[in-house]
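# Descriptive structure summary
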Amino acid sequence: KLADVDNDGIPNINDNCPNEAGEEILNGCPKMPKSLSNFLNSYSDFFFDFDSYELNQVQISNISDLSKILDKYNYIKVNLDGHASSEGEFEYNMKLSQNRSNSIKNILINSGIKDSRLKTRAYGESKPNYPEFPLSERKKNRRVKISVEN
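How each quantity is defined
- Residues numbered from 1 in each chain as written.
- Predicted model: local features only at pLDDT ≥ 70, side-chain atom pairs only at ≥ 80, totals over all residues.
- Heavy atoms only, no water.
- Disulfide = S-S within 2.5 Å.
- Helix = DSSP H or I, 4+ residues; strand = E, 2+ residues; numbered from the N terminus.
- Axes fitted to C-alpha atoms, helices over the stretch in contact; angles between N-to-C directions.
- Parallel < 35°, antiparallel > 145°, perpendicular 65-115°, else oblique.
- Left-handed = near helix turned anticlockwise from the far one by under 90°.
- Contact = heavy atoms within 4.5 Å.
- Nonpolar A, V, L, I, M, F, W, Y, C, P; charged D, E, K, R; others polar.
- Phe/Tyr/Trp six-rings, centres within 6.5 Å; stacked < 30°, edge-to-face > 60°.
- Buried < 20%, exposed > 50% of the residue type's maximum accessible area, 1.4 Å probe, protein only.

## Side note on the state of the cysteines
Note on terminology: a disulfide is the covalent bond linking the sulfur atoms of two cysteines. By the definition in use, this model includes one disulfide. Paired through a disulfide, Cys-17 and Cys-29 show a sulfur-sulfur distance of 1.9 Å. Torsion about the S-S bond of the Cys-17 and Cys-29 cystine: about 80°, corresponding to right-handed handedness. Residue Cys-17 is located in the segment before α1 (34-43), and its partner Cys-29 is located in the segment before α1; the two are separated by twelve residues in the primary sequence.

## Things to note about the packing of α1 against helix α2 (residues 57-72)
One way to put it is that α1 packs onto α2 with a least axis distance of 10 Å and a crossing angle of 160°. Judged by the inter-axis angle, α1 sits roughly antiparallel to α2. Crossing angle aside, the handedness with which α1 passes α2 is left-handed. Residues Ser-35, Leu-36, Phe-39 and Tyr-43 of α1 pack against Asn-62, Asp-65, Leu-66 and Ile-69 of α2. The class makeup of the residues in the contact of α1 with α2 is five nonpolar, two polar and one charged.

## As for the packing of aromatic side chains
With the rule as written, the count across this model stands at two aromatic pairs. For the ring pair Phe-39 and Tyr-43, a centre distance of 5.3 Å and an interplane angle of 45° mean the geometry is tilted. Of the two residues, Phe-39 and Tyr-43 both sit in helix α1, four residues apart, roughly one turn of that helix. For Phe-39, a relative accessible area of 6% puts it in the buried group. Here the aromatic rings of Tyr-73 and Tyr-75 are separated by 6.3 Å at their centres, their planes lie at 85°, and the arrangement is edge-to-face.

## With respect to the environment of Asp-4
Its location among the elements puts Asp-4 in the segment before α1. Once the C-alpha coordinates of Asp-4 and Asn-110 are considered, the two residues, 106 residues apart in sequence, prove to be 36 Å apart. Not counting residues up to four positions away in its chain, the partners in contact with Asp-4 are Gly-9, Ile-10, Pro-11, Asn-12 and Asp-15.

Distances and angles like these do not, on their own, reveal function.
Written out as structure tokens, the structure is:
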């Protein structure tokens, strides 16, 4: 009998993730790796300043960490959903939220993640997650939400 360290029924010799229980269709890797789940629990939202799509150094470092996880699990696709607060014109906010999504996408691509694994969507001000008042809450709508594509 062949060794199967993670007891997922896929022998280590055929298991791309021999230390994590996974699925046969994913060559022994999990659908949602623990490292990605932990990352998204901490960093699924990236917040932006008013009228900006620039990321700070801490955010860039966190996205770099995400790229390392995605590099290891090359079958995972992610959604990068850009949002804006309600100030400004609708079309402008749509473009701003697209630029926010693209700012994260570009870092991931520059880190070697294939474009085909990254889906950007722009919602502008149409899907607020926080109330518009007070300002301390409204500014949280200036964000990109990262999720795994099903």
